[in-house]
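Here is how the chains run, residue by residue.
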Amino acid sequence: MYADCVTYVTITGEQALTSLPLPVATHHLHRSELSIPYSRIVSTQLAGLLAACLGVSASAEEPAARWSFVNDVIPALTKAGCNRGACHAARVGKGGFKLSLRGSDPTADYLAIARDGSGRRLDLLRPEESLLLLKPTMRVPHRGGHALKTNSETWRILRDWVAQHATGPADTDPQITQLQFAAASEALSLEQGQHQPLAIQATYTDGSRRDVTRWCRFDTNDSTVASADQQGVVTAIGKGKAAISVNFQGKFIAAIVEVPYGSATVSYTHLRAHET
């Protein structure tokens, strides 16, 4: 049955919206509020079988790495700026899409991404065609501008997570317990204009440790003394002291940068990690 016809089906199990190329049958759930033309409501467990039955090419071979919504997807969205207060974490969201501030509520974020709008933001059979990726890469209009580069590390994590059936938060997800500098005991001396990369490490409830430098947010309280880019590279600029703050998944630490005449000394001061 093709797109100019309508068939009503009921599929049990976890349901997700998956767009398919036309011509295909147009399926609806019996619940009218979930009826969406030219789309198919499918069980995530049946996605591969449905693709084979319809002759639709499934997405690329599923990646070996399994991405966690809490520990990989949320940091990727945070780094891209999607859950800033000026973007989708605004009080009423943006464009009908509402996220929690800096990923503070993963469960609500998962529902917003995977379930709201009848799941229209994800395409399980063609992950690259998910609105979650199309909008920030500007393949379709996006009021937030170009926030994500195609094939960047962040883009690949989001795409691969969708390809892995967009699994949500789980009770077994390791939780971050500590954020620290990998070289906390060292005092680093720099001449004005020189650079020093910071290395940030996170410790989790399962005992594992990860280098999370690339996913952290870096800020300075005095850009006339020292600055830090979003890769964690500190630049000594002028005399005085400045604090370089580091934020990752609600944990916060800071490095105090002192720049005397002629040289700069970077010392790490640990502030007790706390929820922001």
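Residues numbered from 1 in each chain as written. Predicted model: local features only at pLDDT ≥ 70, side-chain atom pairs only at ≥ 80, totals over all residues. Heavy atoms only, no water.

### Notes on the sheet that holds strand S11 (residues 226–228)
Backbone-to-backbone hydrogen bonds join strands into a sheet, with any given pair of strands oriented parallel or antiparallel. Strand order in this open sheet of 3 strands is S7-S12-S11, and the pairing throughout is antiparallel. The open sheet has two free edges, formed respectively by strand S7 (195–197) and S11, since each of these has just one partner strand. If you compare each strand with its neighbour and ignore which way they point, the axes differ by 20° on average. (Pairing = 2+ DSSP bridges. Helix = DSSP H or I, 4+ residues; strand = E, 2+ residues; numbered from the N terminus. Axes fitted to C-alpha atoms, helices over the stretch in contact; angles between N-to-C directions.)

### Details of the environment of Asp109
Mapped onto the secondary structure, Asp109 falls in helix H3 (residues 106–114). In sequence terms Asp109 and Val70 are 39 residues apart; their C-alpha atoms lie 9.8 Å from each other. In contact with Asp109, other than residues within four places in its own chain, are Phe69, Ile74, Leu99, Ser100 and Gly103. (Contact = heavy atoms within 4.5 Å.)

### Things to note about the pairing of strand S8 (residues 200–204)
Of all 5 residues in S8, 4 are buried, a share of seventy percent or more. In this sheet, S8 lies alongside strand S5 (residues 176–181) in antiparallel orientation, the contact comprising 5 bridges. The residue bridging Gln178 from the neighbouring strand is Thr203, located in S8. In this sheet, strand S9 (residues 209–211) lies alongside S8 in antiparallel orientation, the contact comprising 3 bridges. If you follow Gln201 over to S9, its bridge partner there is Asp211. Where S8 hands over to S9, the hairpin turn is made up of 4 residues, of which Gly207 adopts a positive phi near 90°. (Buried < 20%, exposed > 50% of the residue type's maximum accessible area, 1.4 Å probe, protein only.)

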